Amino acid sequence: MIFFDTLDSTNRYAKEHFGELEDGELVVAATQTAGRGRLNRTWFSPRGNVYASCAIRVKESPFAGIEACSVALLDLLGELAPGTPFYVKWPNDVFFGRAKVAGLLSEFTGAGLIVGIGLNLNMSEEELALAGQEAASVRSATGRTFDVMDCASRLERAIQGILPLLRDDRPALFARWRAANALIGRDLDFVRTDGTVASGVFHDVDADGALLLRTADGAVTRYDCGDLRIRRDAI
């Protein structure tokens, strides 16, 4: 693990130094000055959380990195807060109830994958209110505070423990990731990238990680990109 007190972007550093990083190694920053999320959204980066990027030396689609690191992240959260119902919200978030706890961003570099991970670890209720969306932290979900470096080290170990599945047993990795998608079977609104909304049942995810939405007329449509909007009665 490589640690910085302040860094503009762990993803940028991992991309520029990919050849120097070990497989499954994390680049971690106490705070980021230019952290970015999916669809180029700004990632609010106060101290006390985990901001990391992982170098994975496999030539796979970026979504393979999302699957692997989502499962590893849930393994970590299971250690930190046993029995707390964290889950995957398609395509690349981890939620607690209706609130976002972590986000992931994966990209292919030509030599492998870089997966950025932002985990709201110790954010207070006041800080969560500034996140720009409904958000939670492991602290708000459990009432406890956590050591950032210890959690980052445990996350790195969890990722390295998942990498054999990514390389040698993708069906098993996919099955674990799919099972963590707690919104499958729920009535939801799907926001397309152009801002239009389709309502229906989250029918399933296909083997490539795309969302399958079943509308009231029974038609099933496949979506590679977009956002799920959780209805108040969905979870």
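My aim in this report is to walk through the structure given alongside it, one point at a time. These numbers were taken from a predicted model, which means no experiment stands behind them.

Cut-off values and rules
Residues numbered from 1 in each chain as written. Predicted model: local features only at pLDDT ≥ 70, side-chain atom pairs only at ≥ 80, totals over all residues. Heavy atoms only, no water. Salt bridge = Lys/Arg side-chain N within 4 Å of Asp/Glu carboxyl O. Buried < 20%, exposed > 50% of the residue type's maximum accessible area, 1.4 Å probe, protein only. Helix = DSSP H or I, 4+ residues; strand = E, 2+ residues; numbered from the N terminus. Pairing = 2+ DSSP bridges. Axes fitted to C-alpha atoms, helices over the stretch in contact; angles between N-to-C directions. Contact = heavy atoms within 4.5 Å. Patch = residues over 30% accessible without salt bridge, like charges linked within 9 Å, V, L, I, M, F, W, Y side chains within 5 Å. Areas by Shrake-Rupley, 256 points an atom, 1.4 Å probe, with all protein chains shown as cover. Phe/Tyr/Trp six-rings, centres within 6.5 Å; stacked < 30°, edge-to-face > 60°.

### Digging into the pattern of salt bridges
Next up, step 1: Taken as a whole and judged by the stated rule, the model has 17 salt bridges.
Next up, step 2: Arg12 is the salt-bridge partner of Asp8, the closest N and O atoms lying 2.8 Å from each other.
Next up, step 3: Under the relative-accessibility criterion, Asp8 is labelled partly exposed at 27%.
Next up, step 4: When its relative accessible area of 29% is taken as the criterion, Arg12 is described as partly exposed.
Next up, step 5: With a closest N to O distance of 3.1 Å, Glu79 and Arg154 form a salt bridge. Of the two residues, Glu79 sits in helix H2 (residues 62-80) while Arg154 sits in helix H5 (residues 148-168), which places them 75 residues apart along the sequence.
Next up, step 6: A network of salt bridges, in which partner residues are shared, links Asp206, Asp208, Arg222 and Asp224.

### Remarks on the pairing of strand E9 (residues 197-205)
Next up, step 1: Summarising the sheet, strand E8 (residues 187-191) and E9 pair through 5 bridges and their orientation is antiparallel. Note on E9: the bridge partner recorded for Leu188 is Gly200.
Next up, step 2: Connecting E8 to the next strand, E9, in antiparallel fashion are 5 residues, including Gly195 with a positive phi near 95°.
Next up, step 3: Where E9 and strand E10 (residues 211-214) come together, 4 bridges link them in antiparallel fashion.

### Quick look at the sheet that holds strand E3 (residues 50-56)
Next up, step 1: In space, the 7 strands of this open sheet follow the order E1-E2-E3-E7-E6-E5-E4, with mixed pairing throughout. The sheet terminates laterally at strand E1 (2-7) and strand E4 (86-89), the two strands that pair on one side only. Within this sheet the neighbouring strands show an average axis-to-axis angle of 20°, counted without direction.
Next up, step 2: Across the face of the sheet, H5 comes into contact with E1, strand E2 (26-32), E3 and strand E7 (113-119) while running at roughly 30° to E3.

### A few points about the environment of Ala52
Next up, step 1: Position of Ala52 among the secondary structure elements: in strand E3.
Next up, step 2: Put simply, Ala52 and Asn11 are 41 residues apart on the chain and 7.7 Å apart in space, counted from C-alpha to C-alpha.
Next up, step 3: Those residues in contact with Ala52 that lie beyond four places of it in its chain are Thr10, Leu26, Val27, Val28, Val115, Gly116 and Ile117.

### What about a nonpolar patch on the surface?
Next up, step 1: A surface patch of nonpolar side chains, about 240 Å² in accessible area, is lined by Met1, Phe3 and Met149.
Next up, step 2: Within the secondary structure layout, Met1 lies in the segment before E1.

### Overview of the packing of aromatic side chains
Next up, step 1: Considering all chains together, one arrives at 7 aromatic pairs under this definition.
Next up, step 2: Here the aromatic rings of Phe63 and Trp177 are separated by 5.2 Å at their centres, their planes lie at 90°, and the arrangement is edge-to-face. Pair noted here: Phe63 is in helix H2 and Trp177 is in helix H6 (residues 170-179), with a separation of 114 residues, a long-range link. As far as burial versus exposure is concerned, Phe63 and Trp177 are alike and both buried.
Next up, step 3: The interplanar angle of 50° and the centroid separation of 5.7 Å between the aromatic rings of Phe86 and Phe96 together place this pair among those described as tilted. With Phe86 in strand E4 and Phe96 in strand E5 (residues 93-96), this residue pair connects regions lying 10 residues apart in the sequence.
Next up, step 4: Residue Phe86 is classed as buried on the basis of its relative accessible area of 12%.
Next up, step 5: Linked through ring pairs, Phe63, Phe174 and Trp177 together constitute an aromatic cluster.

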